[in-house]
Amino acid sequence: MKIIILGAGQVGGTLAENLAGEENDITVVDSDPNRLRDLQNKLDIRIIQGKASFPAVLRQAGCEDADMLIAVTNSDEVNMVACQVAHALFNTPTKIARVRSAAYLSRKGLFRTERGFDIDVLISPEQVVTNHIRRLIEYPGALQVLDFAGGLVQLVAVRAHHGGPLIGQELSALRQHIPNVDTRVAAIYRQNQALIPKGNTVIQVDDEVFFLAARQDIRAVMSEMRRVDHSYKRIVIAGGGNIGERLAESLEHEYQVKLIEYSPQRCTELADKLERTVVLNGTATDKNLLQEESIEDADIFCAVTNDDEVNIMSSMLAKRMGAGKVMTLINNAAYVDLVQGGEVDIAFSPQLATIGSLLTHIRRGQVKNVHSLRRGAAEAIEAVAIGDEKSSKIVGRAIEQIILPEGVTIGALVREKEVLIAHDDLVIRSGDQVILFLVDKRKIREVEQLFAVGITFI
Amino acid sequence: MQINEILTLERTLFGVPGGSKKRVLEYFSKFIAQQIPQLDAEEVFSRLIAREKLGSTGIGQGVALPHCRISHCDQAVGTFIRLRDKIDFDAIDGQPVDLIFLLLVPEEANEAHLQTLALLAERFSDEELRKELRKTDQPEQLHQLITAPIPS
């Protein structure tokens with residue numbers, strides 16, 4: 001595919017890196033020549049310097065031939081205009097834009113209407129991150145929680161701990177432990193090495209286990225891997241920006257939420273908008289403030305300011321002062337691995353979270369959902385099986401008959417809202433949403449071809 | 001359904017500039033909307049693109065058979081295009097494509113249309129035919145080569 005990426009920042013750069021390895025023809029446009037050169041030094045891509053929304057620049061970038069335009073510059077306006085230019089002048093089939101400002105996003109008529117901007121997909125990193133944090137809070141102890149089929153099925157990553165009944169036992173014992181619950185362990189990472197789980201695989205302490213189950217069964221499966229943390233009640237959020245506000249808003253009716261914000265003016269705004277959240281004016285790295293607000297009673301401390309240093313430092317401080325679990329937003333994706341696992345329980349970057357949403361629309365076939373896992377090495381995808389026995393390689397076949405690439409497992413299906421865990425004899429039908437786990441995301445091309453329909457599909 | 005029922009001489013083209021898959025499908029959409037006024041170029045383009053997303057119609061050996069259902073189309077419409085330069089079509093064998101047979105079928109496409117597709121795929125799997133199609137610069141001859149009844 002010919003893809004033009006506008007913006008060579010963190011999202012654009014990471015995206016280019018993800019796609020350049022997959023037989024795509026990538027052109028990156030940015031106004032900053034240094035950023036472009038850095039990117040070209042490590043990747044096999046074409047670069048164009050210039051203002052990303054100018055028709056001449058887009059033409060030079062090959063917009064007349066491009067299958068897809070991904071506008072992820074720092075400016076909402078440039079992203080929106082670039083998509084409109086591509087639509088009006090170049091008839092570009094797929095246009096994706098990152099738009100952050102609620103001022104635009106909240107106006108429904110602005111996008112995908114006859115008079116509005118012709119943008120196929122809008123990506124809002126703030127929304128992606130807020131959802132991500134929310135799901136983690138719903139399942140105490142989970143490292144990662146991903147939704148499939150509109151949340152009917154979830155993929156959960158959990159670290160096995162002493163006290164979990166399944167520790168030291170074979171996976172097949174799960175069936176006896178929780179007979180009423182159907183689940184599928186998709187992958188196990190032991191000392192950062194992927195294991196393909198089999199019935200006789202023995203779960204060890206510190207294994208990172210990825211499993212799929214229907215939403216209502218997640219807790220039951222988690223409690224097999226570790227003693228489950230009690231439900232969270234008290235949450236302290238540091239940073240009242242976009243993410244902090246959305247997060248507080250989505251949590252305040254189920255939890256006791258306190259929000260720390262530095263700017264007095266912003267505090268007044270937040271206090272007006274939020275209904276039940278206690279808004280505090282101050283710095284998250286202020287020991288006295290944390291003490292006054294009895295941080296030791298907080299189940300979760302979540303740092304989402306726009307300053308990585310403040311996030312990391314306040315998280316460490318909160319943890320040392322007795323906060324239950326600390327979650328830290330880190331803009332510099334390279335630091336995520338350094339920070340997570342020490343005093344910080346969970347670190348996440350908006351860039352990595354956004355990549356998944358973008359990849360969803362870039363994959364071929366009927367791919368509906370893509371989540372990038374393990375710093376982009378692995379992927380979990382949801383794809384719809386279409387066609388019939390003749391035109392499809394999977395429809396009408398039992399899972400055991402399907403030849404999957406190495407390291408790829410089918411975890412579950414959703415058929416008309418019903419969750420079916422993938423057992424060997426389950427036969428795939430047209431319309432099934434199939435959830436797959438890829439230990440090595442380089443196998444994606446083969447998976448796409450498996451789901452692609454043959455020539456006789458009209 | 002025989003191929004001569006769906007392909008006319010006017011819709012047998014050669015020497016069409018390639019560029020890219022997108023550009024060729026765009027070129028075809030405009031062309032067919034001029035030929036058959038009740039067809040809408042934008043609809044043809046977006047339907048073809050949508051079908052390609054589900055799986056490339058590049059069947060290998062430099063051949064592609066893009067097709068889709070289309071509204072306001074009462075019978076199957078075929079168009080043959082030989083490109084001047086080969087283009088990347090995301091084909092099954094990864095090879096670039098220069099022989100393209102496009103097929104538009106009515107919304108309520110049926111078994112007969114499926115068989116037409118299968119017939120086309122079979123026809124273009126003939127190495128001799130592909131060789132001839134790449135040599136000839138006479139529209140009449142191109143048309144004849146493609147529509148000749150298959151010797152049984």
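Reading guide: rules and limits
- Residues numbered from 1 in each chain as written.
- Chains lettered and ligands numbered in written order.
- Predicted model: local features only at pLDDT ≥ 70, side-chain atom pairs only at ≥ 80, totals over all residues.
- Heavy atoms only, no water.
- Pairing = 2+ DSSP bridges.
- Helix = DSSP H or I, 4+ residues; strand = E, 2+ residues; numbered from the N terminus.
- Axes fitted to C-alpha atoms, helices over the stretch in contact; angles between N-to-C directions.
- Contact = heavy atoms within 4.5 Å.
- Buried < 20%, exposed > 50% of the residue type's maximum accessible area, 1.4 Å probe, protein only.
- UniProt positions renumbered as here; feature names shortened; annotations may be inferred.
- Expected span 1.5 Å × (residues − 1).
- Domains from an automatic or database assignment.
- Buried area = accessible area lost by both parts, 1.4 Å probe.
- Salt bridge = Lys/Arg side-chain N within 4 Å of Asp/Glu carboxyl O.
- Core = buried A, V, L, I, M, F, W, Y, C linked by side-chain atoms within 4.5 Å.
- Polar contact = N/O pair within 3.5 Å; in protein donor to acceptor, adjacent residues only side chain to side chain.
- Nonpolar A, V, L, I, M, F, W, Y, C, P; charged D, E, K, R; others polar.

An unreviewed UniProt entry annotates chain B as PTS IIA-like nitrogen-regulatory protein PtsN originating from Marinospirillum alkaliphilum DSM 21637.

By the naming in an unreviewed UniProt entry, chain A goes by Trk system potassium uptake protein TrkA and is assigned to Marinospirillum alkaliphilum DSM 21637.

Colleague: Please explain the sheet that holds strand β8 (residues 153-159) of chain A as it appears in this structure.
Modeller: Paired through backbone hydrogen bonds, the strands of a sheet run either parallel or antiparallel to each other. All names here are of chain A. Strand order in the open sheet formed by five strands is β7-β8-β11-β9-β10, with antiparallel pairing between adjacent strands. Two strands in the sheet have a free side with no partner beyond their single neighbour: β7 (142-148) and β10 (193-195). Going from strand to strand, the sheet's axes swing by 20 degrees on average, the running direction of each strand aside. As defined by bridge partners, strand β9 (residues 183-190) adjoins strand β11 (residues 208-214) across six bridges and the pair is classed as antiparallel. Among the inter-strand pairings, Tyr189 is bridged to a residue of β11, identified as Glu208. Of the strands in this sheet, β7 and β8 are in contact with helix α6 (residues 125-138), which crosses β7 at around 115 degrees. Here helix α8 (residues 218-225) sits on the sheet and contacts β7, β8, β9 and β11; the angle it forms with β11, its principal contact strand, is near 155 degrees.

Colleague: What am I meant to see in the pairing of β8 of chain A here?
Modeller: As a general feature of sheets, a regular strand has side chains that alternate between the two faces. All names here are of chain A. Of all seven residues in β8, six are buried; the element is thus mostly enclosed. For β7 and β8, the ladder comprises six bridges, and the chain directions are antiparallel. Within β8, the residue paired with Ala142 across the bridge is Val158. In terms of strand pairing, β8 meets β11 through seven bridges, oriented antiparallel. When the sheet's bridge partners are listed, Val153 is paired in β11 with Ala214.

Colleague: Whenever I open this one, the UniProt feature "domain: PTS EIIA type-2" (unreviewed entry) in chain B confuses me. Can you help?
Modeller: Here, the residues flagged by UniProt with the feature "domain: PTS EIIA type-2" (unreviewed entry) are residues 5-149 of chain B. In residues 5-149 of chain B, helix accounts for 42% and strand for 28%; the two terminal C-alpha atoms are 11 Å from one another.

Colleague: Help me understand the UniProt feature "domain: RCK N-terminal" (unreviewed entry) in chain A, please; the structure alone is not making it clear to me.
Modeller: All names here are of chain A. Per the UniProt annotation, the sites labelled "domain: RCK N-terminal" (unreviewed entry) are residues 1-123 and 232-348. For the annotated span residues 1-123, helix accounts for 37% and strand for 22% of the residues, and the straight-line distance between the end C-alpha atoms is 21 Å. Here residues 232-348 is 37% helix and 23% strand, with 20 Å between the C-alpha atoms at its ends.

Colleague: What exactly am I supposed to notice about helix α2 (residues 41-54) of chain B here?
Modeller: Since the α-helix turns once every 3.6 residues, residues separated by three or four places project in the same direction. With 14 residues, α2 of chain B ought to run about 20 Å at 1.5 Å a step, and its terminal C-alpha atoms sit 21 Å apart, in line with that. Positive phi appears at Gly55 of chain B, one or two residues downstream of α2 of chain B, with a value of about 160 degrees.

Colleague: I would appreciate a short explanation of the domain arrangement of chain A in the present structure.
Modeller: It is common to report an interface's size as the accessible area lost on association of the parts. All names here are of chain A. Domain annotation for chain A reports domain 1 (2-123), domain 2 (129-225), domain 3 (234-350) and domain 4 (354-450). Computed over C-alpha atoms only, the centres of domain 1 and domain 4 are separated by 28 Å. The junction of domain 1 with domain 4 conceals about 1,200 Å² of combined surface from both sides, 69% of it contributed by carbon and sulfur atoms. The largest share of the area that domain 1 buries against domain 4 comes from Asn18, Glu22 and Ile123, three residues that together contribute 40% of it. Summed over the shared surface of domain 1 and domain 4, the number is zero salt bridges. Those elements that provide at least two residues to the side of domain 1 that touches domain 4 are α1 (10-20), β4 (68-71) and β6 (121-123). For the side of domain 1 that touches domain 4, the element with the highest residue contribution is α1, accounting for five residues.

Colleague: I tried to follow the sheet that holds strand β12 (residues 234-238) of chain A on my own but got confused; where do I start?
Modeller: All names here are of chain A. Strand order in the open sheet formed by six strands is β14-β13-β12-β15-β16-β17, with parallel pairing between adjacent strands. Bordering the open sheet on either side are β14 (278-281) and β17 (346-348), each of which pairs with just one other strand. Going across the sheet, the axis of each strand differs from the next one's by a mean of 15 degrees, ignoring polarity. Two strands pair when backbone bridges link them, and β12 and strand β15 (residues 300-303) are joined in this way by four bridges, in the parallel orientation. Counterpart to Ala238 in the pairing with β15 is Ala303.

Colleague: Before we go on, may I ask you to explain the nonpolar core in this structure?
Modeller: The nonpolar side chains of soluble globular proteins are, as a tendency, buried together. All names here are of chain A. Ranked by size, the top nonpolar core spans 47 residues in total, and within it Ile3, Leu15, Val28, Ile70, Ile410, Leu436 and Phe451 carry the most contacts. Split by domain, the residues of this core number at least three in each of domain 1 (2-123) and domain 4 (354-450). Setting aside anything within four residues of it in sequence, one finds Ile410 in contact with Arg184, Ile399, Ile402, Leu404, Ala422, Ile428, Val434, Ile435 and Leu436. In this structure, Val129, Ile137, Ile203 and Met225 belong to the second largest nonpolar core, which totals 45 residues.

Colleague: What am I meant to see in the UniProt feature "domain: RCK C-terminal" (unreviewed entry) in chain A here?
Modeller: The UniProt record marks residues 143-227 and 368-453 of chain A with the feature "domain: RCK C-terminal" (unreviewed entry), using the residue numbering of this structure. Segment residues 143-227 of chain A splits into 14% helix and 36% strand. End C-alpha atoms: 14 Å apart.

Colleague: What is the right way to look at the interface of chain A and chain B in this model?
Modeller: Taken together, the 24 residues of chain A in the interface contact 23 residues of chain B. Buried area between chain A and chain B, summed over both chains or domains, comes out near 2,000 Å², and the portion from carbon and sulfur atoms is 54%. At the boundary of chain A with chain B, the tally comes to 13 residue pairs in polar contact (both at pLDDT 80 or more). Grouping the amino acids of the side of chain A that touches chain B by side-chain chemistry returns 11 nonpolar, seven polar and six charged.

Colleague: Please clarify how unusual backbone geometry should be interpreted in this entry.
Modeller: Glycine aside, residues mostly have negative phi, and peptide bonds are mostly found in the trans state. In this structure, Gln191 of chain A is a non-glycine residue whose phi angle is positive, near 45 degrees. Structurally, Gln191 of chain A is set in the loop between β9 and β10. Located in the positive-phi region is Gln61 of chain B, a residue other than glycine, with phi close to 60 degrees. Along the chain, the position of Gln61 of chain B falls in the loop between β2 (58-60) and β3 (63-64).

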